[in-house]
Structure formats: C-alpha cells, structure tokens
Amino acid sequence: MVSRVRVWLNRTYAENVFFMDQLRRNPSDRAVEIHATHGDPDSPVLAAADTAELEPEGLSPAGYVEYALDQCARRGIDVFVPRLHQSAVVAHRAEFEAAGTAVLAPPPEAVAVFHDKVIAYEAVQAIGVPVPPWYRVRSADELVAAVEQLEADGHRACFKPASGAGGVGFRVITRTPFSLTQLSGFPSPYVPLDLVLQALRQAEEPVDWLVMPRLEQPEVSVDCLTGPDGRVRLAVGRTKNGRRRGFTLHEQWLEPARRIAEGFGLHYLSNIQFRMFGDRPVLMDVNTRPAGGLHQLALCGVNAPWAAVQLALGEDPGEMAPPFLGQDYTVVSGPRPVRPVSLPQQRSEPTEPLPAMPVDSVGAAVRGAVEAVRL
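Residues numbered from 1 in each chain as written. Predicted model: local features only at pLDDT ≥ 70, side-chain atom pairs only at ≥ 80, totals over all residues. Heavy atoms only, no water.

A.B. asks: Just checking my understanding: could you explain the side chain of Glu219 for this structure?
C.D. replies: When you line up the elements, Glu219 lands in strand S11 (residues 216-226). Side-chain polar atoms of Glu219 contact the side chain of Arg275, separated by 3.2 Å. The contacts of Glu219, once residues within four sequence positions are left out, are Arg238, Thr239, Lys240, Gln273, Phe274, Arg275 and Met284. (Helix = DSSP H or I, 4+ residues; strand = E, 2+ residues; numbered from the N terminus. Polar contact = N/O pair within 3.5 Å; in protein donor to acceptor, adjacent residues only side chain to side chain. Contact = heavy atoms within 4.5 Å.)

Structure (structure tokens):
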C-alpha cells in the first residue's frame, strides 16, 4: 500500500489554495495531506489545509530555520515548499533531509543570484539572454541621471526595488505635475518625478532601486519544472495582454527560459517572466518559487505541483508536454473559506463566543470556487 504524502506550505500567497487543490487531485491518485502556516489568521491557505498553525512573528532567518525543522519533525513532513525565508531554508537543506524532509526549492546559489535583480541581470546577460537597459539607483541625483538618459533614448522610465517580489514597489515616472487628476479614479502606478525626488532627498536612508524603461506587453510568464539533475521537464508560457490570458509554446519565450532554468539550476518550480523591449522579448524577472498562477496550467491538462512533488520524492515524471493548449481566459476573484474565529461582540448584551473548529470541518463550504473563467 502506497503511503500518503505530507506537504507543508509556509507563509505563501492566497492563490496557492489552488496549488493545494491540485496536489489532492493528483493523477497518481496518491493520498496527500497538507500542512500550512501563515502569519495572517484569515489567510485562505490555513482553511484549505488539513492542519494549520499561525507562525510566530519576529523570528530571524536562523530562528525561522529552527522553527521549520521543528515543524517538519513534529508534523512528519515529506516535502516542504518554502516561500518565506527561502534563502535560509535552502542553506540548511541537509538538516531537513536528515529529518526526512525534501525541500522543494532551488539550491542556495541559485536563490542568491535571483534575490538581487542587478546580479540576476548581469548573470543572465553573461549566458546570452537579452535584458532591458537598467540603472542601479541609490540617490536623487542618480535617479535624475537615469531618467534623463532613458527619456533621451525615447523611453518612459520606471523603477522597482532591486530585491523584492510580486510587483511591490513598482512605479512609473511621469513629468506631469501632481493634480486632482491623480486623485480621481483608481490609484495609479504613475508618480511625478518631482515628488519622488522630494521624498528621496528627505529620506534618512538611501534606496536601492532598479530604473529601467517601461516594457511593453505581452507579458509571458514561463513556468518551468526542472529536476535536481538540472534538466527541464516542463516549460509552458502563460501570456498576459491586458485582461486576456492565454498559453504559448513559442520558442522565443521557452528557449531563454530553459537556458536560465538549466544554466542556474532552478530546481523544481520556477517562473521566468519576459516582456517586449522594442521588437524582441527581454527578461523582466525570475522567481525561484512556484508562481501564484501556476494552477492555470490545469487548463492545458497539466498538474505541475504534483509533478514537482514527485521529483522531490525521487519519482521522476519524465519529460512533460501539455496535451493541448487551453483557450484564452481571464481571471476573476471567487470566494474561499477562512477559519472560524470568535466574533467580536455585536450588541450590548453579553454573548457566548463561537467555539473554535478544527480546520478539517471548514472544508467544503465554498471549496472549488473557480478563479480562471474562460472568455
């Protein structure tokens, strides 16, 4: 009898409830139990898991590794998928393996390269993958010089943190003065240059930004599955152009993604993003973790999360190719359950708090809400 697989996802994105769904609906029909931890008690991944805990706050990277090793030992974790403190966790891979846990993440050298976007751009350029022009900026004067050079070359300048994920801190520079226009409608990524310079000059610490031209659509995120032997088993591009999403197997996107995944040892699941600079694709970013939209490959008949777990367990799924490419689609939000909690008092007379319920009992309330809806 084949034993069940116990998988742990630490402080991950809400979209990974779909990652968890795919693990349970694996084509091997293998029993999977999922443990989840998070700092937010209302994260839907906690409600979607079989067991769940709140993570302690304020741990150093070394302290978090000790916490993670204890979780793996107490919970009997077979495969750990780390997002928070990924660098520290992979540096202690041997300790997790000694505890019987496979770490589903690249080796520390690969994680280190792509933690800093400047180092990443320099590294991928060295193996022949095109990147956009970029400038590392730490002061107001450096920002002015970079913006003026990009504008002289006919580009609109934007900036983002040299290290970071999820588009946090991304802004587009505009010369338009701040006015009521910026206060109407929804918040915009556009920021006037004079306000950015004012903020920089008043700041007590330097920034560390990457300044580059605003790249054009389409954006193509290539999801790669790479074995510990460094060989890519699966590469599929997910296209984004405004609201419309789709899939591609065109080599102009897949070939440079494979070159990066194999060249830097991006073992297991990675996501390599490209956009257009003029008439050619250039690298935008590399994520050394599963993308939040990875589950969308299910529209192509692919279960990438389960194939990655198989690799982590030493069960090679072999070369994989989508049996078909799903039709274009868009993404909408849908309800997912959160864990029950005691409600705050809503009326003047005393009321009994609701009893806490185990994670398992929340389950099917709204399970299976569809995020990807076909046009």
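A.B. asks: I would appreciate a short explanation of the packing of aromatic side chains in the present structure.
C.D. replies: The geometry of two aromatic rings is summed up by the distance between their centres and the angle between their planes. Counted according to the given criterion, the structure contains 9 aromatic pairs. Aromatic side chains Tyr64 and Tyr67 sit 5.3 Å apart centroid to centroid with 55° between the ring planes, which places their arrangement in the tilted category. Here Tyr67 and Tyr64 lie together in helix H3 (residues 61-75), a separation of 3 residues that amounts to about one turn. With a relative accessible area of 13%, Tyr67 lands in the buried category. (Phe/Tyr/Trp six-rings, centres within 6.5 Å; stacked < 30°, edge-to-face > 60°. Buried < 20%, exposed > 50% of the residue type's maximum accessible area, 1.4 Å probe, protein only.)

A.B. asks: Help me understand the state of the cysteines, please; the structure alone is not making it clear to me.
C.D. replies: As used here, a disulfide is simply a covalent bond connecting the sulfur atoms of two cysteines. For the structure shown, the criterion picks out 0 disulfides. In this structure Cys224 is not part of a disulfide, and its nearest cysteine sulfur, from Cys300, lies 14 Å away. (Disulfide = S-S within 2.5 Å.)

A.B. asks: How should I be thinking about the sheet that holds strand S7 (residues 157-161) in this particular structure?
C.D. replies: Backbone hydrogen bonds are what pair the strands of a sheet, in a parallel or an antiparallel way. If you walk across this open sheet you meet the 5 strands as S6-S10-S7-S8-S9, and the pairing is mixed. Each edge of the open sheet is held by one strand with a lone partner, namely strand S6 (135-137) and strand S9 (190-192). In this sheet, neighbouring strand axes are inclined to one another by 35° on average, regardless of whether the strands run parallel or antiparallel. As judged from the 2 bridges shared by S7 and strand S8 (residues 171-174), these two strands associate in the antiparallel manner. In the sheet register, Phe159 faces S8, and the bridge partner there is Arg171. (Pairing = 2+ DSSP bridges. Axes fitted to C-alpha atoms, helices over the stretch in contact; angles between N-to-C directions.)

A.B. asks: Before we go on, may I ask you to explain the packing of helix H6 (residues 108-115) against helix H7 (residues 117-126) in this structure?
C.D. replies: The angle between the axes and the distance between the axes are what describe a pair of packed helices. Running from N to C, H6 and H7 point in directions that differ by 110°, and their axes come no closer than 5 Å. Taken together, the axis directions place H6 and H7 in an arrangement best described as roughly perpendicular. Side by side, H6 and H7 meet where Val113, Phe114 and His115 of the first sit next to Lys117, Ile119, Ala120, Ala123 and Val124 of the second. When grouped by side-chain class, the residues that make up the contact of H6 with H7 number 6 nonpolar, 1 polar and 1 charged. (Parallel < 35°, antiparallel > 145°, perpendicular 65-115°, else oblique. Nonpolar A, V, L, I, M, F, W, Y, C, P; charged D, E, K, R; others polar.)

A.B. asks: Would you take a moment to explain the side chain of Gln86 for this structure?
C.D. replies: Mapped onto the secondary structure, Gln86 falls in helix H4 (residues 86-91). Its relative accessible area of 9% is what places Gln86 among the buried residues. The residues touching Gln86, leaving out its near neighbours within four places in the chain, are Ala105, Pro106, Val111, Thr288 and Arg289.

A.B. asks: How do you make sense of the environment of Gly154 when you look at a structure like this?
C.D. replies: Checked against the element boundaries, Gly154 lands in the loop between helix H8 (140-152) and S7. By relative accessible area, Gly154 is classed as exposed at 66%. For the pair Gly154 and Pro213, spaced 59 residues apart in the sequence, the C-alpha separation amounts to 9.1 Å.

A.B. asks: Explanation requested: the UniProt feature "domain: ATP-grasp" (unreviewed entry) in the chain in the structure shown.
C.D. replies: Per the UniProt record, "domain: ATP-grasp" (unreviewed entry) is found at residues 121-313. Secondary structure across residues 121-313 comprises 26% helix and 33% strand; the distance between its end C-alpha atoms is 32 Å. (UniProt positions renumbered as here; feature names shortened; annotations may be inferred.)

A.B. asks: Sorry, what's going on with H7 here?
C.D. replies: Helical geometry: 3.6 residues make up each α-helical turn, so side chains three or four residues apart lie on a common side. Among all positions of H7, only Lys117, Val118, Ala120, Tyr121, Ala123 and Val124 are buried. Buried residues in H7 make contact with H6, S6, S7, strand S10 (209-213), helix H10 (251-263) and strand S15 (280-287). Where H7 starts, the residue carrying a side-chain oxygen 2.8 Å from the main-chain nitrogen of Val118 turns out to be Asp116. Phi turns positive one or two residues past the end of H7, at Gly128, with a value near 90°.

A.B. asks: Help me understand the pattern of salt bridges, please; the structure alone is not making it clear to me.
C.D. replies: Pairing between side chains of opposite charge can happen when their charged atoms approach one another. Counted according to the given criterion, the structure contains 26 salt bridges. In this structure, the salt-bridge partner of Asp316 is Arg233, at a minimum N-O distance of 2.7 Å. Within this pair, whereas Asp316 is found in the loop between helix H11 (304-312) and strand S16 (329-331), its partner Arg233 is found in strand S12 (residues 232-241), the two being separated by 83 residues in sequence. Overall, Arg233 belongs to the buried group, its relative accessible area being 3%. In this structure, a network of salt bridges that share partners links the residues Asp229, Arg231, Arg233, Asp316 and Glu319. (Salt bridge = Lys/Arg side-chain N within 4 Å of Asp/Glu carboxyl O.)

A.B. asks: I would appreciate a short explanation of the sheet that holds strand S1 (residues 5-9) in the present structure.
C.D. replies: Read from one edge to the other, the open sheet built from 5 strands follows the order S3-S2-S1-S4-S5, with strand pairing classed as parallel. Only two strands of the sheet have a single neighbouring strand rather than two, namely strand S3 (51-54) and strand S5 (102-103). One ladder, built from 4 bridges, connects strand S2 (residues 32-38) with S3; its direction is parallel. By the bridge assignment, Thr37 is partnered in S3 with Glu53.

A.B. asks: Sorry, what's going on with the confidence of the model for the chain here?
C.D. replies: Low-confidence regions, as indicated by low pLDDT, have predicted coordinates that should not be scrutinised in detail. Considering every residue of the chain, the mean pLDDT works out to 90; 91% of them sit at 70 or more. Segment residues 343-375: pLDDT under 50, and 53 contacts once partners within four positions in sequence are set aside and those in other chains are kept. (pLDDT = per-residue confidence, 0-100.)

A.B. asks: I tried to follow the pairing of S7 on my own but got confused; where do I start?
C.D. replies: Where a strand is regular, its side chains alternate between the two sheet faces. Taken across its 5 residues, S7 has 4 buried, putting it largely inside the fold. Relative to S10, S7 runs antiparallel, the two being bridged by 5 bridges. Bridge pairing in S10 places Pro161 opposite Trp209.

A.B. asks: I keep staring at unusual backbone geometry and nothing clicks. Help me out?
C.D. replies: Omega for the bond connecting Gln217 with Pro218 falls within 30 degrees of zero, at 10°, which places this linkage in the cis form. In this structure, Pro218 sits in strand S11. In this structure, Asp29 takes a positive phi of about 55° despite not being glycine. By secondary structure assignment, the location of Asp29 is in the loop between helix H1 (17-24) and S2.

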